[in-house]
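Next come the chains, spelled out residue by residue.
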Amino acid sequence: MGKNRIIKILGNIIGNVVVHKILVKYTNKPESVHHLLEEIGTYRDNALEMAQEFNWNDKDKDKIRQEALKNFNKKIKRYTDVKFPILEANKLIEETIKDCIASS
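In this text, all values refer to a predicted model and were calculated from it rather than measured experimentally. (Residues numbered from 1 in each chain as written. Predicted model: local features only at pLDDT ≥ 70, side-chain atom pairs only at ≥ 80, totals over all residues. Heavy atoms only, no water.)

Novice: Explain the side chain of Glu88 here, please?
Specialist: Tracing the chain through its elements places Glu88 in helix 4 (residues 86–102). Using a relative accessible area of 14% as the deciding quantity, one classes Glu88 as buried. Reaching out from Glu88, the side chain makes a polar contact with the side chain of Lys25 at a distance of 3.1 Å. (Helix = DSSP H or I, 4+ residues; strand = E, 2+ residues; numbered from the N terminus. Buried < 20%, exposed > 50% of the residue type's maximum accessible area, 1.4 Å probe, protein only. Polar contact = N/O pair within 3.5 Å; in protein donor to acceptor, adjacent residues only side chain to side chain.)

See below:
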């Protein structure tokens, strides 16, 4: 796969990780927390594996950030009952990119 395709996939995965992290912290269904944490680990492992295929510059990371935010906004709409500060989502996207991409 090409780098642009991997950027889109990583953006989607990182967006999913952040949705799950938000849900873990702010969910109204505590019985779902264990499952959400498992999925966070799985998504993160997938992102780490994919990120190792390329070297990432700041422009690439910005594209990944944009894709992650777009995916996050699309997915979080399903959870209208979950209230959270949007700044936290942006912070989590940054942290997740650093965790997954910077270590590659």
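Novice: What exactly am I supposed to notice about the nonpolar core here?
Specialist: Looking at soluble globular proteins, one finds that nonpolar side chains tend to be buried together. Judged by nonpolar contacts, the single largest core of 29 residues is most densely connected at Leu10, Val18, Trp56, Ile64 and Ile101. With 11 residues, helix 1 (residues 3–26) is the largest single contributor of residues to this core. Those residues within four positions of Ile101 in sequence are excluded, and the remaining contacts are Leu10, Ile14, Ala51, Trp56, Lys61 and Ile64. (Core = buried A, V, L, I, M, F, W, Y, C linked by side-chain atoms within 4.5 Å. Contact = heavy atoms within 4.5 Å.)

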